[in-house]
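Chain residues, written in single-letter form:
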Amino acid sequence: MLLSAGIGLLNYIFVLLGVTGGQHYPPPLPQREEEECFEKMKNGDEAARTKLIEHNLRLVAHIVRKYYMSAPNQEDLVSVGSIGLIKAIDSFDNSNGARFATYGAKCIQNEILMYFRSQKKLGCEVSINETIDMDKEGNPLTYIDVIAVDDTIAEDIDRKIHIANALKCIDTVLSERERTIIILRYGLGKWRARTQREVAELLGISRSYVSRIEKAALEKIKDNLKI
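So, how was this worked out
- All residue numbers here refer to positions counted from 1 along the written sequence of the relevant chain.
- For a predicted model such as this one, the threshold for reporting local features is a pLDDT of at least 70, and the threshold for listing and counting side-chain atom pairs is 80 or more; totals across whole chains, interfaces and linings nevertheless cover every residue.
- Only hydrogens and water are set aside when side-chain values are computed; all heavy atoms of the structure are taken into account.
- By definition, any uninterrupted DSSP run of H or I lasting at least four residues is a helix, any uninterrupted run of E lasting at least two residues is a strand, and each is numbered from the N terminus.
- Categorising residues by exposure relies on relative accessible area from a 1.4 Å probe, with only protein chains included: less than 20% of the type maximum marks a residue as buried, more than 50% marks it as exposed, and the intermediate range marks it as partly exposed.
- The accessible surface values rely on the Shrake-Rupley method and a 1.4 Å probe; as for residues, cover is taken only from the protein chains in view.
- Within 6.5 Å between ring centres, the rings of Phe, Tyr and Trp (the latter by its six-membered ring) count as paired, and their orientation is classed by plane angle as stacked under 30 degrees, edge-to-face over 60, tilted in between.
- What counts as an axis is a line fitted to C-alpha atoms, over the stretch in contact for a helix, and the angles between N-to-C directions run from 0 to 180 degrees.
- Our angle categories are set so that under 35 degrees counts as roughly parallel, over 145 as roughly antiparallel, 65 to 115 as roughly perpendicular, and the remainder as oblique.
- In this scheme the crossing of two helices becomes right-handed for a clockwise turn of the near helix relative to the far one and left-handed for an anticlockwise turn of less than a right angle.
- Residues count as neighbours in contact if any of their non-hydrogen atoms are within 4.5 Å of one another.
- Amino acids outside the nonpolar list (Ala, Val, Leu, Ile, Met, Phe, Trp, Tyr, Cys, Pro) and the charged list (Asp, Glu, Lys, Arg) are all regarded as polar, and Gly is one of them.
- Only buried Ala, Val, Leu, Ile, Met, Phe, Trp, Tyr and Cys residues count toward a nonpolar core, and they belong to the same one when joined by side-chain atoms within 4.5 Å.
- What counts as a salt bridge is simple: a side-chain nitrogen of Lys or Arg found within 4 Å of a carboxyl oxygen of Asp or Glu.

Caption draft 1: Representation of the overall build of the protein chain in the model. On a plain count of helices and strands, the protein chain comes out with 11 helices and two strands. Written out in order from the N terminus, the α and β elements of the protein chain read α-α-α-α-α-α-β-β-α-α-α-α-α. When each of the 227 residues of the protein chain is scored for burial, the buried share is 37%. Per element, the accessible surface of the protein chain, about 13,400 Å² overall, is 54% carbon and sulfur.

Laid out in structure tokens, this is it:
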């Protein structure tokens with residue numbers, strides 16, 4: 001199973017990093033250093049990205065201990081939550097001055113929630129009535145309690161991550177002309193959305209040429225979207 005393989009790989013990485021125990025997680029980065037790491041990561045610095053991951057693993061462990069204290073598979077939940085952490089780091093926009101922790105925590109919780117949902121799909125392997133934790137009143141918390149959440153946090157975060165990655169692709173994957181046409185067509189930034197004919201007149205090219213470039217650009221974005 002792909003998820004199991006991913007969990008196993010993350011556990012192996014934790015061993016290499018020397019962070020197998022909660023007490024060994026590196027401390028959170030000071031705000032200034034965290035911001036510098038995100039800026040370096042934007043410029044392709046993999047070391048800065050790794051540093052952000054390492055110094056936010058404590059957040060994953062905290063969430064697992066706080067909300068899933070009685071879960072029998074806490075190590076797996078830490079690994080699953082770490083996948084959410086990596087997604088959060090790759091999609092976080094630090095330009096608005098917000099701290100990463102709040103956004104990261106939501107992504108981590110979302111990833112764990114999706115993990116429980118995938119366990120529900122296993123059917124005969126996992127009972128949705130199995131107790132995974134206890135609430136504040138001492139009542140059992142089951143998989144179905146976690147799955148049957150009425151809010152849309154999971155969907156909202158997934159949508160934001162997709163949007164963030166799509167915008168990143170527009171900036172890094174498309175040619176200048178492709179980027180210009182996509183920005184004009186879909187009203188990104190300060191621009192309003194325009195028809196293909198309006199874009200063609202603005203750029204001095206044919207509408208059919210705009211259509212071909214737009215189609216190719218959208219295919220590039222689709223091929224490069226990896227979440």
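Caption draft 2: Structural view of the packing of aromatic side chains. Summed over the entire model, instances satisfying the criterion amount to five aromatic pairs. Relative to phenylalanine 100, the ring of phenylalanine 38 lies with its centre 5.6 Å away and its plane at 50°, an arrangement referred to as tilted. Linking phenylalanine 38 in helix H2 (residues 31-42) with phenylalanine 100 in helix H6 (residues 100-121), this pair joins segments that are 62 residues apart in sequence. Neither residue differs from the other here; phenylalanine 38 and phenylalanine 100 are each classed as buried.

Caption draft 3: Region of the structure containing helix H9 (residues 176-186). For H9, every residue scored as buried is listed here: Glu178, Ile181, Ile182, Leu184 and Arg185. Immediately downstream of H9, the backbone of glycine 187 shows phi near 65°, a positive value.

Caption draft 4: Highlighting the packing of helix H3 (residues 46-54) against helix H5 (residues 74-91). Direction vectors running N to C along H3 and H5 enclose 135°, while the axes themselves pass 10 Å from each other. With respect to H5, the axis of H3 lies oblique. For the pair H3 and H5, the sense of crossing is right-handed. The segment H3 lies against H5, with Arg49, Leu52 and Ile53 engaging Leu85, Ile86, Ile89 and Asp90. Looking at the contact of H3 with H5 residue by residue, the class counts come to five nonpolar, no polar and two charged.

Caption draft 5: Structural context of the environment of alanine 200. In this structure, alanine 200 sits in helix H10 (residues 196-203). A sequence separation of 11 residues divides alanine 200 from serine 211, and the C-alpha atoms of the two residues are 9.2 Å apart. When neighbours within four sequence positions are excluded, alanine 200 is seen to be in contact with Ile205, Ser206, Arg207 and Val210.

Caption draft 6: Structural view of the nonpolar core. Grouped together as the largest cluster of nonpolar side chains are 31 residues, with contacts concentrated most on Leu77, Leu85, Ile89, Phe100 and Ile112. Sorting the residues of this core by element identifies H2, H3, helix H4 (57-67), H5 and H6 as the ones contributing at least two each. In terms of residue count, the dominant contributor to this core is H6 (eight residues). When neighbours within four sequence positions are excluded, phenylalanine 100 is seen to be in contact with Glu34, Phe38, Asn56, Leu85, Ala88, Ile89 and Phe92.

Caption draft 7: Quick look at the pattern of salt bridges. All told, the structure shown has seven salt bridges when counted by the stated rule. Arginine 49 serves as the salt-bridge partner of aspartate 90, at 2.7 Å between the closest nitrogen and oxygen. Of the two residues, aspartate 90 is situated in helix H5 and arginine 49 in helix H3; the sequence distance between them amounts to 41 residues. Overall, aspartate 90 belongs to the partly exposed group, its relative accessible area being 27%. Of the charged contacts in the structure, one is a salt bridge between arginine 185 and glutamate 214, with a shortest N-O distance of 2.8 Å. Here arginine 185, found in helix H9, pairs with glutamate 214, found in helix H11 (residues 207-224); they are 29 residues apart in sequence, far enough to count as distant. No difference in accessibility class separates arginine 185 from glutamate 214, as the two residues are buried. Taken together, the salt bridges that share partners define one network made up of Glu46, Arg49 and Asp90.

Caption draft 8: Layout of the packing of H10 against H11. The N-to-C vectors of H10 and H11 enclose an angle of 105°; their axes lie 8 Å apart at closest approach. Relative to H11, the element H10 is oriented roughly perpendicular. Contacts between H10 and H11 involve Gln196, Arg197, Val199 and Ala200 from the former and Arg207, Val210, Ser211 and Glu214 from the latter. For the contact of H10 with H11, the class distribution of residues is three nonpolar, two polar and three charged.

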